[in-house]
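Here is how the chains run, residue by residue.
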Amino acid sequence: MSLLKHFSSDPNAVINDFRMSVSHPQYERITLYVEGQSDIMLFRNIVNEDIIKLIPLEGKKNVIDVMKGLYSDYSDRVYAVCDADFDHIKGEAQTHLAYGVLVTDYHDIEIMMLFSSAFTKIINQKAINNNIDFSNKMLTEVISACEVIGTLRLINLDNNFGLRFKALTFSDFIVFENKCLSININILLDKLLASSSTSVNKQTLINLYDQYSSSNYDNKQLCCGHDCSNVLAVYLRESDNIQGNRFNRDRVEKDLMLAFDEHSKYSIFNSIIQLAS
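Figured I'd write up the structure that's included with this text. Throughout, a residue's number is its position along its own chain's written sequence, starting from 1. Reporting in this predicted model follows two pLDDT cut-offs: at least 70 for local features of residues, and 80 or more for side-chain atom pairs to be given and counted; totals over whole chains, interfaces and linings ignore these cut-offs and use all residues. With hydrogens and water set aside, each side-chain value is computed from the structure's full complement of heavy atoms.

**Quick notes on the packing of helix H2 (residues 11-22) against helix H4 (residues 60-70)**
Put simply, the test is: For helices, the fitted line uses only the C-alpha atoms of the stretch in contact; every axis is such a line through C-alpha atoms, and the angle between N-to-C directions lies from 0 to 180 degrees. Per the convention used, a helix needs a DSSP run of H or I reaching at least four residues, while a strand needs a run of E reaching at least two, with both numbered from the N terminus. To sort the angles, those under 35 degrees are grouped as roughly parallel, those over 145 as roughly antiparallel, those from 65 to 115 as roughly perpendicular, and the leftovers as oblique. Crossing handedness: left-handed means the near helix sits turned counterclockwise from the far one by under a right angle, and right-handed means the same turn made clockwise. Residue contacts follow a heavy-atom distance rule, with two residues in contact if any of their heavy atoms lie within 4.5 Å. In this classification, the charged set is Asp, Glu, Lys and Arg, the nonpolar set is Ala, Val, Leu, Ile, Met, Phe, Trp, Tyr, Cys and Pro, and all remaining amino acids, among them Gly, are polar.
Closest axis-to-axis distance for the H2/H4 pair is 9 Å, and the angle between their directions is 45°. The angle between H2 and H4 falls in the class oblique. Here H2 runs over H4; the crossing is right-handed. Contacts between H2 and H4 involve Pro 11, Val 14, Ile 15, Phe 18 and Arg 19 on the former and, on the latter, Asn 62, Asp 65, Val 66, Gly 69 and Leu 70. Residues belonging to the contact of H2 with H4 are distributed by class as follows: 6 nonpolar, 2 polar and 2 charged.

Here it is, written out as structure tokens:
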């Protein structure tokens, strides 16, 4: 583990470093903590780093722990940004404001980019024969597959089943046939259970899935951006209407970030811009 990663994964070390920094009489910048290094690349497009210092931490829990230790004493000097994840669905998004944590409008930043013109831009660049119907069909099928995964993620969160989604290989259960993408939920459940140390069985998950699916959650809050990027990468690799086939999650997310320019559409970015005003 690098020294930077060790530091950014230790909330107490981050808190102590901040307190030492602001004690210097010439320290005037506002500190904005974010979840990771990729967030730095995005927020640099909208903030003046002479006024706002961007600092990446290791994940949402560390960000929240740091802010709980700092915000009451430095409410005008320190803020943070986190992915909402399921906070909007669970009615918890506003609770983080009490300690200076702003959450994304949708499930995460990647979903915000996916539901912007950035998606159409990158498909326009990569499609051999492109039209709005092709890109709309692609997005609809990707989101439909990710609603399934998102529902299982929410079930796992609510019930603390300990399912390991990070171990999944998406090409195992994402099906691309006859120019259409779909998801095989039976294979997904088998792979998920095989990679997890859990006592829950497949039938219980199926029953809960049917129950949760009837709630008709907003797909912008239910779908995880990294899941969408993985599924979209499968679509881009398999479609005969796309130039090239060397697509993975990282490339998809980098392309979306480079194409994204609709910051004013979302309240999270407007809130950050206002910090320096």
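The structure having been displayed, the exposition proceeds.
**Details of the side chain of Glu 253**
As for its position among the elements, Glu 253 is in helix H13 (residues 249-259). Among all residues touching Glu 253, those that are not within four sequence positions of it are Glu 110, Met 113, Gly 225, His 226 and Ser 229.

**Side note on the packing of aromatic side chains**
A ring pair, where both rings are aromatic, is described by two values, the distance of the centres and the angle of the planes. To keep it simple, the criterion reads: Only rings of Phe, Tyr and Trp enter the pairing, Trp through its six-membered ring, and a pair is recorded when the two centres are within 6.5 Å. The plane angle decides the type: under 30 degrees is stacked, over 60 is edge-to-face, the rest tilted. A simple rule labels every residue: compare its accessible area, found with a 1.4 Å probe on the protein chains alone, to the largest value its type can have, and call it buried under 20%, exposed over 50%, or partly exposed in between.
Taken as a whole and assessed by the stated rule, the structure comprises 10 aromatic pairs. Ring plane angle 65° and centroid distance 6.4 Å describe the contact between Tyr 266 and Phe 269, whose orientation is recorded as edge-to-face. Since its relative accessible area comes to 0%, Phe 269 is described here as buried. Here the aromatic residues Phe 43, Tyr 106, Phe 115, Phe 260, Tyr 266 and Phe 269 are joined through ring pairs into a cluster of three or more.

**Some remarks on the state of the cysteines**
Rule in force here: Disulfides are defined in this document as cysteine sulfur pairs within 2.5 Å.
If you walk through the whole model with that rule in mind, you get 0 disulfides. For Cys 223, which is in no disulfide, the shortest distance to another cysteine sulfur is to Cys 228 and amounts to 4.8 Å. Here Cys 223 falls in the buried class, since its relative accessible area comes to 0%. In this structure Cys 228 is a free cysteine whose sulfur lies 3.5 Å from that of Cys 146, the closest cysteine sulfur available. Here Cys 228 falls in the buried class, since its relative accessible area comes to 1%.

**Some points on helix H7 (residues 117-126)**
What counts, and what does not: Arc, as used here, means the arc of the directions from the helix axis to the C-beta atoms.
Within the sequence span of H7, burial applies to Ala 118, Phe 119, Ile 122, Ile 123 and Lys 126. Projection of H7 onto a plane perpendicular to its axis shows the buried side chains occupying an angular sector of 130°, all on one side. Its buried side turned inward, H7 meets helix H6 (109-114), helix H8 (132-159), helix H12 (225-238) and H13.

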